[in-house]
Amino acid sequence: MAGKPKLYYFNGRGKTESIRWLLAAAGVEFEEEFLETREQYEKLLQDGYLLFQQVPLVEIDRMKMVQTRAILSYIAAKYNLYGKDLKERAMIDMYVEGTTDLMGLIIVCPFLSAENKEKQHAVIIQKATNRYFPVYEKVLRDHGQDILVGNQFSWADVHLLEAILMVEEKKSSVLSEFPLLQAFKARISDIPTVKKFLEPGSQKKPVPDDEYTETVKRVLQMNF
Amino acid sequence: MAGKPKLYYFNGRGRMESIRWLLAAAGVEFEEEFLETREQYEKLLQDGALLFQQVPMVEIDGMKMVQTRAILSYVAGKYNLYGKDLKERAMIDMYVEGTRDLMDVIRVHHKLSPKEKEKNLALIEEKATTRYLPVYEKVLDDHGQDFLVGNQLTWADIQLIEAILMAEEKVSTILSRFPLLQVFKARISNIPTIKKFLQPGSQRKPPPDEKLVVTANRVFNRK
């Protein structure tokens, strides 16, 4: 049996944060190697670790997995967070794609100019309150449960909580018209594994700062 | 048992084409409703048919599915094109994410200005020949089998041939340094369901043109 999963990424959220959330929610301990220099990245490339020359990379069950969605799907299935059958899986996939689109708007923020950041901020709040949150509010209402799909906690719930918290960091009152999402947030945050992840000292990463942005640009040699 | 799957999208490739490929390869007949007017789109919205107000939307097995990846995963799972276990699934997922990233670069091409198109062609060639195609060539080389995963046809093979054909439409010599992919392309094209899809008269859509851009802008009220 292989050891703990090991994550290769920058010391910050980016696309890997959803993976940290899911592993943590599943109660799975994991290790991390943080990319800080161009040389580290080039070594990973030379060693043939990065299938498409990109991170995140997760070593898990003797595979060197890349592509965030592939990694998340594998973890969800392995730790029984993917519903009980193909149809529940389909619902979870749809909901997760929605929250991925919403979080995708936020993940790019650190790399935007000041002017574009402000515009993007408005887009995030608008999409959250008009396109995404109403959907999940309605799902909870129609479903009559504290979770999105079926009778058990799933990847969709973890991902939605992550998205809610990220949007709240942009506008703290964003859930004001979504009472069921407020209750959902409280309940999911209280699940022991999730609660632990939300406490200081966990592997949850803070809001990206300049150091994070500079590191990413330096390691990937991005010219913005 | 529900009827045939029904696809709601423009009369063009876009994000729906991968779904057409997969259903066709699986030998599944499907219907299509093409969006041409703003009113059609607004009706779908009002009827609550579009979960996130977006297309593609596919009616299948009593569900109104949206989100391309979710739809593709469901179709692959349902028709046994997703490998035999979790690890094969993981490999397939990785490979389709790669081909999707490549197709994303090509998909936007027709929307660009002539000058942007020139840069994009160079980008397509670079990404295809240095980042993506070498990976699939090596996968085939390493295991010596006819298919990417598990010695049987899967979603990964179908999406790869779609990506290869799309890339060839832009850069006809794109496979020149990839002999195993050339063989792969010929072999997969010959699978009866896929061969049928590649023939004139199938539901495969032609490369996008100006008309498609105009229709999409009209339907979505974009300038």
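Residues numbered from 1 in each chain as written. Chains lettered and ligands numbered in written order. Predicted model: local features only at pLDDT ≥ 70, side-chain atom pairs only at ≥ 80, totals over all residues. Heavy atoms only, no water.

**Focus: the side chain of Thr68(A)**
Residue and element names in this part refer to chain A.
So, point 1. Relative to the elements of secondary structure, Thr68 occurs in helix α3 (residues 68–78).
So, point 2. Residue Thr68 is classed as buried on the basis of its relative accessible area of 16%.
So, point 3. Those residues in contact with Thr68 that lie beyond four places of it in its chain are Lys15, Ile19 and Pro56. (Helix = DSSP H or I, 4+ residues; strand = E, 2+ residues; numbered from the N terminus. Buried < 20%, exposed > 50% of the residue type's maximum accessible area, 1.4 Å probe, protein only. Contact = heavy atoms within 4.5 Å.)

**Some points on the packing of helix α5 (residues 114–143) of chain A against helix α7 (residues 179–189) of chain A**
Residue and element names in this part refer to chain A.
So, point 1. Two elements in contact, α5 and α7, have axes whose closest approach is 8 Å; the angle formed by their N-to-C orientations is 80°. Accordingly, the angle class assigned to the pair α5 and α7 is roughly perpendicular. On α7, the residues that touch Phe133, Tyr136, Glu137, Leu140 and Arg141 of α5 are Pro179, Leu180, Leu181 and Phe184.
So, point 2. Across the contact of α5 with α7, the residue classes break down as seven nonpolar, no polar and two charged. (Axes fitted to C-alpha atoms, helices over the stretch in contact; angles between N-to-C directions. Parallel < 35°, antiparallel > 145°, perpendicular 65-115°, else oblique. Nonpolar A, V, L, I, M, F, W, Y, C, P; charged D, E, K, R; others polar.)

**Some thoughts on the pattern of salt bridges**
If the charged atoms of two oppositely charged side chains come close together, the side chains can form a pair.
So, point 1. Taken as a whole and assessed by the stated rule, the structure comprises 38 salt bridges over all chains.
So, point 2. As a salt-bridge pair, Arg20(B) and Glu32(B) come within 2.8 Å of each other at their nearest N and O atoms. Of this pair, Arg20(B) sits in helix α1 (residues 17–25) while Glu32(B) sits in strand β2 (residues 31–34), placing them 12 residues apart in sequence.
So, point 3. Judged by its relative accessible area of 0%, Arg20(B) is buried.
So, point 4. On the basis of relative accessibility, which here comes to 19%, the residue Glu32(B) falls in the buried class.
So, point 5. The partner of Asp47(B) in a salt bridge is Lys43(B), with the nearest N and O atoms 2.7 Å apart.
So, point 6. Taken together, the salt bridges that share partners define one network made up of Glu17(A), Arg20(A), Glu32(A) and Lys205(A). (Salt bridge = Lys/Arg side-chain N within 4 Å of Asp/Glu carboxyl O.)

**So, the environment of Asn151(B)**
Residues and elements named next belong to chain B.
So, point 1. Position of Asn151 among the secondary structure elements: in the loop between α5 (114–143) and α6 (155–170).
So, point 2. Take Asn151: its relative accessible area is 47%, and that puts it in the partly exposed class.
So, point 3. Spatially, the C-alpha atom of Asn151 lies 40 Å from that of Ala216, the residues being 65 residues apart in sequence.
So, point 4. The contacts of Asn151, once residues within four sequence positions are left out, are Gln145 and Asp146.

**A few points about the environment of Thr100(A)**
So, point 1. On the secondary structure map, Thr100(A) appears in helix α4 (residues 86–107).
So, point 2. For Thr100(A) and Val167(A), which are 67 residues apart along the polypeptide, the C-alpha to C-alpha distance reads 12 Å.

**A closer look at the nonpolar core**
So, point 1. Phe133(A) and Leu148(A) are the most contacted members of the largest nonpolar core, which totals 156 residues.
So, point 2. Of the domains in this structure, domain 1 (6–79 + 198–209) and domain 2 (86–190) of chain B are the two that each give at least three residues to this core.
So, point 3. Discounting residues that sit within four places of it in the chain, Phe133(A) has contacts with Leu102(A), Ala128(A), Ile164(A), Val167(A), Val174(A), Leu175(A), Phe178(A) and Leu181(A). (Core = buried A, V, L, I, M, F, W, Y, C linked by side-chain atoms within 4.5 Å. Domains from an automatic or database assignment.)

**Concerning the sheet that holds strand β3 (residues 57–60) of chain A**
Residue and element names in this part refer to chain A.
So, point 1. Ordered by their spatial adjacency, four strands build an open sheet running β2-β1-β3-β4, and the pairing between neighbours is mixed. Looking along the sheet, the strands with just one partner apiece sit at the ends: β2 (31–34) and β4 (63–66). The average angle at which neighbouring strand axes cross in this sheet is 20°, direction not considered.
So, point 2. Both strand β1 (residues 6–9) and β2 contribute to a ladder of four bridges, which runs parallel. Along β2, the bridge assignment pairs Tyr8 with Glu33.
So, point 3. Against the sheet, helix α1 (residues 17–25) touches β1, β2 and β3, its axis set at about 165° to β1. (Pairing = 2+ DSSP bridges.)

**Section: the interface of chain A and chain B**
So, point 1. Each partner contributes to the interface: chain A provides 32 residues, whereas chain B provides 32 residues.
So, point 2. For the pairing of chain A and chain B, the buried interface totals around 2,800 Å² over both sides, and the portion due to carbon and sulfur atoms is 64%.
So, point 3. When the buried area of chain A at its contact with chain B is split by residue, Phe52(A), Met94(A) and Arg131(A) rank highest and sum to 22% of it.
So, point 4. Scanning the region where chain A abuts chain B turns up two salt bridges.
So, point 5. Across the contact surface, chain A and chain B share 10 residue pairs in polar contact (both at pLDDT 80 or more).
So, point 6. Looking at the side of chain A that touches chain B, the elements that each hand over two or more residues are β4, α3, α4 and α5 of chain A.
So, point 7. Counting residues per element, the side of chain A that touches chain B draws most heavily on α4(A), at 11 residues.
So, point 8. Of the residues that constitute the side of chain A that touches chain B, the class distribution is 16 nonpolar, six polar and 10 charged. (Buried area = accessible area lost by both parts, 1.4 Å probe. Polar contact = N/O pair within 3.5 Å; in protein donor to acceptor, adjacent residues only side chain to side chain.)

**Description of the domain arrangement of chain B**
Residues and elements named next belong to chain B.
So, point 1. Splitting chain B by domain gives domain 1 (6–79 + 198–209) and domain 2 (86–190).
So, point 2. Its C-alpha centre places domain 1 at a distance of 22 Å from the equivalent point of domain 2.
So, point 3. At the interface, 18 residues of domain 1 touch 15 residues of domain 2.
So, point 4. Summed over both partners, the interface of domain 1 with domain 2 comes to about 1,500 Å²; 56% of that surface belongs to carbon and sulfur atoms.
So, point 5. Contact with domain 2 buries surface across domain 1, with Arg15, Trp21 and Arg69 losing the most and accounting together for 33% of the total.
So, point 6. The residue Glu97 makes a salt bridge to Arg69 at a minimum N-O spacing of 2.7 Å.
So, point 7. Our enumeration of links across domain 1 and domain 2 arrives at four residue pairs in polar contact (both at pLDDT 80 or more).

**Describing a negative patch on the surface**
All names here are of chain A.
So, point 1. On the surface, Glu36, Asp209, Asp210, Glu211 and Glu214 cluster together into a negatively charged patch.
So, point 2. Residue position: Asp209 is located in the loop between α8 (192–198) and α9 (210–220).
So, point 3. Judged by its relative accessible area of 43%, Asp209 is partly exposed. (Patch = residues over 30% accessible without salt bridge, like charges linked within 9 Å, V, L, I, M, F, W, Y side chains within 5 Å. Areas by Shrake-Rupley, 256 points an atom, 1.4 Å probe, with all protein chains shown as cover. Lys, Arg positive; Asp, Glu negative; His and termini not counted. Charge placed at Lys NZ, Arg CZ, Asp CG, Glu CD.)

**Focus: the UniProt feature "domain: GST C-terminal" (unreviewed entry) in chain B**
So, point 1. The sites that carry the UniProt feature "domain: GST C-terminal" (unreviewed entry) are, in the present numbering, residues 85–208 of chain B.
So, point 2. Each end of residues 85–208 of chain B is marked by a C-alpha atom, and these two atoms are 37 Å apart; helix forms 69% of the span and strand 0%. (UniProt positions renumbered as here; feature names shortened; annotations may be inferred.)

**Digging into unusual backbone geometry**
So, point 1. Note that the residue after Val55(A), namely Pro56(A), is joined by a cis bond; omega there is 10°.
So, point 2. For Pro56(A), the location among the structural elements is in the loop between α2 (38–46) and β3.
So, point 3. In this chain, Val55(B) is followed by Pro56(B) through a cis amide linkage whose omega measures 10°.
So, point 4. Note that Pro56(B) resides in the loop between α2 (38–46) and β3 (57–60).
So, point 5. One non-glycine residue, Asp61(A), lies in the positive phi region at around 50°.
So, point 6. On the basis of relative accessible area, Asp61(A) is assigned to the buried category, the value being 11%.
So, point 7. Positioned with a positive phi, Gln67(A) is a non-glycine residue whose angle comes to about 75°.
So, point 8. The residue Gln67(A) is located in the loop between β4 and α3 in this model.
So, point 9. Taking the relative accessible area as the measure of exposure, Gln67(A) reaches 11% and is therefore buried.

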